[in-house]
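These are the residues of each chain, in order.
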Amino acid sequence: MSSVSEGRIPDSAVRPVTRVPLRAALRADDGIWIEAVYDPCTGDGDGETAIVVAHGFTGSVDRPAVRRAVGTFSRHAAVVTFSFRGHGRSGGFSTVGDREVLDLAAAVAWARSLGHRRVVTVGFSMGGSVVLRHGALYASPAADSGAGGDGGAHGGVAGCGGRAGARTGARADAVVSVSAPARWYYRGTAPMRRLHWMVTRPAGRLVGRYGFRTRIHREAWDPVPLSPVAAAALIAPAPLLIVHGDRDPYFPLDHPRMLAAAAGDAAELWLERGMGHAENAADETLLTRIADWAVRR
């Protein structure tokens, strides 16, 4: 694997767009190594846009649903996928959406280093909450110039409501959040009660590790991260697309409606009839529509 280290990512403005598939180990700003894959555009795109895909909890770059999304997205734009910490071959432990914003920032910066001037983040479920928080914390112009330093980025990840950006080029130009929660600690459905058991109980974390190949951090959030609904209000002026299925067994429709209301006129809301949850429920037609939106916005 090749590696990309903090502070050594060149300016995308002077790089030609990469045209070959790549695998890399990226280092997040807190030192965790993240596996990542780059798939060049296979269609007639101009190469300017890259889509960075953030998978759901227990996913990884090599899961079939993720690779299926890559196959559709890559007909419209280049695609970067990565495994969140604690997932796949990445290091560290999952913090279930908190420090994962650093993993996404590393992937976005890598996409820019490969020559892409526009980067659109597309997140599913947990990844959907991460792209919202990343869009808020890395949204200001100062974020792209590295203003704020490591303390600013880590403070933002720890839960401050301000803007952050320790990594050059980590800002997203548009954000797509699919099947995301609006608020933390939701236990209103049976799947979410099972997920909370897996995250909070020692026996549950063993099931996560050996049954779902996901290593979960044992410590609770302290402080609690910026919530997805609060983050949605901070993403503008970047365009935001919120996608949710009306048969989602994890999060009912009040979640996407809360997100859209918080974002205001900057957001589009797609409520998909018959759709279940996240990348496993996204069919090729929906993925194509998302890719079209990402490229034209």
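Residues numbered from 1 in each chain as written. Predicted model: local features only at pLDDT ≥ 70, side-chain atom pairs only at ≥ 80, totals over all residues. Heavy atoms only, no water.

Participant: Please provide a residue-by-residue account of the packing of helix α2 (residues 100–113) against helix α3 (residues 126–137), values included.
Facilitator: Where α2 meets α3, the axes come as close as 9 Å, and the angle between the chain directions of the two elements is 70°. With respect to each other, α2 and α3 are oriented roughly perpendicular. Packed against α2, whose contacting residues are Glu100, Val101, Leu104, Ala105 and Val108, the element α3 presents Met126, Val130, Val131, Arg133, His134 and Leu137 at the interface. (Axes fitted to C-alpha atoms, helices over the stretch in contact; angles between N-to-C directions. Helix = DSSP H or I, 4+ residues; strand = E, 2+ residues; numbered from the N terminus. Parallel < 35°, antiparallel > 145°, perpendicular 65-115°, else oblique. Contact = heavy atoms within 4.5 Å.)

Participant: Go over the pairing of strand β6 (residues 118–124), please, and point to the residues and values.
Facilitator: A large share of β6 lies buried, amounting to seven of its seven residues. Of the two faces of β6, the one carrying Arg118, Val120, Val122 and Phe124 and the one carrying Val119, Thr121 and Gly123 are both buried. (Buried < 20%, exposed > 50% of the residue type's maximum accessible area, 1.4 Å probe, protein only.)

Participant: For the pattern of salt bridges, give the residues involved together with the corresponding values.
Facilitator: Counted by the stated rule, this structure contains 15 salt bridges. Where Arg85 meets Asp103, a salt bridge forms, and the shortest distance between an N and an O atom there is 2.6 Å. Taken as a pair, Arg85 in the loop between β5 (78–82) and α2 and Asp103 in helix α2 lie far apart in primary sequence, 18 residues in all. Judged by relative accessible area, Asp103 falls into the buried class, the value being 0%. Between Arg171 and Asp173 there is a salt bridge, and its shortest N-O distance comes to 2.9 Å. We classify Asp173 as buried; its relative accessible area is 18%. Residues joined by salt bridges that share partners form a network here, namely Arg23, Glu35, Asp62 and Arg89. (Salt bridge = Lys/Arg side-chain N within 4 Å of Asp/Glu carboxyl O.)

Participant: Got a sec to walk through the packing of aromatic side chains? Specific residues and values, please.
Facilitator: Counted under the stated rule, the structure contains six aromatic pairs. Here the aromatic rings of Phe82 and Phe84 are separated by 4.9 Å at their centres, their planes lie at 85°, and the arrangement is edge-to-face. Phe82 gets classed as buried once you look at its relative accessible area, which sits at 1%. Centre to centre, the rings of Tyr186 and Phe251 are 6.1 Å apart; their planes meet at 45°, and the pair counts as tilted. With Tyr186 in the loop between β7 (174–178) and α6 (190–200) and Phe251 in the loop between β8 (240–245) and α9 (254–263), this residue pair connects regions lying 65 residues apart in the sequence. If you follow Arg289 out to its NZ or CZ, it ends over the ring of Trp270, 4.4 Å from the centre. (Phe/Tyr/Trp six-rings, centres within 6.5 Å; stacked < 30°, edge-to-face > 60°. Lys NZ or Arg CZ within 6 Å of the ring centre and 35° of its normal.)

Participant: Go over the environment of Asp292 with me, naming the residues and quoting the values.
Facilitator: Following the sequence through the fold, Asp292 ends up in helix α11 (residues 284–296). Sequence separation of Asp292 and Arg75 is 217 residues, and the distance between their C-alpha atoms is 10.0 Å.

Participant: Residues and numbers for helix α1 (residues 64–73), please.
Facilitator: Since the α-helix advances by 3.6 residues per turn, residues separated by three or four positions end up pointing in the same direction. Every buried residue belonging to α1 is among Ala65, Val66, Ala69, Val70, Thr72 and Phe73, and all of these are buried. With its buried residues spanning 165° around the axis, α1 presents them on a single face. Contacts from the buried residues of α1 go to β3 (33–39), β4 (49–54), β5, β6, α10 (278–281) and α11. (Arc of directions from axis to C-beta.)

Participant: Describe the side chain of Thr189, naming the residues involved and giving the relevant values.
Facilitator: Mapped onto the elements, Thr189 comes out in the loop between β7 and α6. Judged by relative accessible area, Thr189 falls into the buried class, the value being 14%. Among the polar contacts listed, one links the side chain of Thr189 to the backbone oxygen of Pro249, at a separation of 3.4 Å. When sequence neighbours within four positions are dropped, the list of residues in contact with Thr189 reads Pro249, Tyr250 and Pro252. (Polar contact = N/O pair within 3.5 Å; in protein donor to acceptor, adjacent residues only side chain to side chain.)

Participant: Please set out α6 residue by residue, giving values where relevant.
Facilitator: Of the residues making up α6, those classed as buried are Pro191, Met192, Leu195, His196, Met198 and Val199. The buried residues of α6 occupy an angular sector of 160° when the element is viewed end-on, so they sit on one face. Of the surrounding secondary structure, the elements contacted by the buried residues of α6 are α7 (202–211).

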